[in-house]
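Chain residues, written in single-letter form:
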Amino acid sequence: MQATADMTKKECSWSSWKGQAIDLLYWRNVKQSGAVFSSVLLLLFSLTQFSVVSVGAYLALAALSATISFRIYKSVLQAVQKTDEGHPFKAYLEMEIALSQDQISKYADKILLYSNTCMKELRRLFLVQDLVDSLKFAVLMWLLTYVGALFNGLTLLILAVVSMFTLPVVYEKHQAQIDQYVGLIRTQVNSVVGKIQAKIPGAKRKEE
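Residues numbered from 1 in each chain as written. Predicted model: local features only at pLDDT ≥ 70, side-chain atom pairs only at ≥ 80, totals over all residues. Heavy atoms only, no water.

### Points about the confidence of the model for the protein chain
Predicted confidence across the protein chain gives a mean pLDDT of 84, with 88% of residues reaching 70 or more. The lowest-confidence element of the protein chain is helix α1 (residues 2-25), averaging 66 in pLDDT; the highest-confidence one is helix α5 (residues 101-126), averaging 91. (pLDDT = per-residue confidence, 0-100. Helix = DSSP H or I, 4+ residues; strand = E, 2+ residues; numbered from the N terminus.)

### Looking at unusual backbone geometry
One non-glycine residue, W27, adopts positive backbone phi at about 55°. The class of W27 is partly exposed, set by a relative accessible area of 26%. Positive phi values are uncommon outside glycine, yet K82 reaches one of about 55°. Its relative accessible area of 79% is what places K82 among the exposed residues. (Buried < 20%, exposed > 50% of the residue type's maximum accessible area, 1.4 Å probe, protein only.)

### Some points on the packing of aromatic side chains
Summed over all chains, the structure comprises seven aromatic pairs. A ring pair is formed by W27 and F165, whose centres lie 6.1 Å apart and whose planes are at 80°; its orientation type is edge-to-face. One end of the pair, W27, is in the loop between α1 and α2 (30-49); the other, F165, is in helix α7 (residues 153-173), and 138 residues separate them in sequence. When the centroid spacing of 5.6 Å and the interplanar angle of 50° are considered together, the rings of F70 and F89 count as tilted. Of this pair, F70 sits in helix α3 (residues 52-81) while F89 sits in the loop between α3 and α4 (90-93), and the two are 19 residues apart along the sequence. (Phe/Tyr/Trp six-rings, centres within 6.5 Å; stacked < 30°, edge-to-face > 60°.)

### Considering the side chain of K74
Along the chain, K74 falls in helix α3. Non-local contacts of K74, meaning those with residues more than four positions away in its chain, are made with E85 and P88. (Contact = heavy atoms within 4.5 Å.)

### Description of the side chain of D130
One can find D130 in the loop between α5 and α6 (131-150). Within polar-contact distance, the side chain of D130 engages the backbone nitrogen of V132 at 3.2 Å. (Polar contact = N/O pair within 3.5 Å; in protein donor to acceptor, adjacent residues only side chain to side chain.)

### What to know about the pattern of salt bridges
When the charged atoms of two side chains lie near each other, side chains of opposite charge can form a pair. All chains considered together, the criterion is met by three salt bridges. Across the salt bridge formed by E172 and R28, the nearest N and O atoms sit 3.3 Å from each other. Taken together, the residues E172 in helix α7 and R28 in the loop between α1 and α2 connect sequence positions 144 residues apart. Among the salt bridges present, the one from R124 reaches E121, with a minimum N-O distance of 2.6 Å. Remark: E121 and R124 occur in helix α5; sequence separation between them is three residues, near one turn of the helix. Accessibility expressed as a relative area gives 34% for E121, which makes it partly exposed. Here the residues in one salt-bridge network are E121, R124 and D133, joined through shared partners. (Salt bridge = Lys/Arg side-chain N within 4 Å of Asp/Glu carboxyl O.)

### As for α5
The end-to-end C-alpha distance of α5 is 37 Å, a good match for the 38 Å that 26 residues give at a rise of 1.5 Å each. Just beyond α5, the residue with positive phi is V128, at close to 55°. (Expected span 1.5 Å × (residues − 1).)

### Brief notes about the packing of α2 against α7
α7 packs onto α2 with a crossing angle of 170° between their chain directions and a minimal axis gap of 10 Å. The orientation of α2 relative to α7 falls into the category roughly antiparallel. Contact residues: S33, V36, F37, V40, L41, L44, F45, L47 and T48 in α2; L154, L157, I158, V161, V162 and F165 in α7. Residues that form the contact of α2 with α7 fall into these classes: 13 nonpolar, two polar and no charged. (Axes fitted to C-alpha atoms, helices over the stretch in contact; angles between N-to-C directions. Parallel < 35°, antiparallel > 145°, perpendicular 65-115°, else oblique. Nonpolar A, V, L, I, M, F, W, Y, C, P; charged D, E, K, R; others polar.)

This is the structure we're talking about:
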């Protein structure tokens, strides 16, 4: 009974985190989304100019400066007002942040599942189980060589973050038009793939 209650609590917690992430990406709270978006972009742009070690050290120093200053301020304030409010970060110090064994096992199982799925898919593509899928993968890798020549990893990460915070809102506002164009593109791609499958021996998928 206790185990069921714990699982239900964890599922509710995961749903809550998922809902908060969706709210951030869809700008339900403009100030919160703007703060997260600008902070992440600032961090990524900092990494383009400085090393990871330098950025991490500067962030740690900034955080320590803020917390130490606030702790000294509250201590002085308590001494002047002769109050005993205790440590200003007491609530956070007493907060439970340790991962339970069940949580670790759950995340480890998910990572293992994704890793096995990824390895099976790569084996299927590289060993040409399906010719068309392997050709698609080859074209994708060929396109990525040009992407890699134009952008580095951090630039792509910055573009990904910008896309995450802009594309969902754009899609939400223009869903009908976007779905229409995506449908047309998908029809054309399927038509071309069908012609290739018809012309290349052994490329047509087997009926299951």
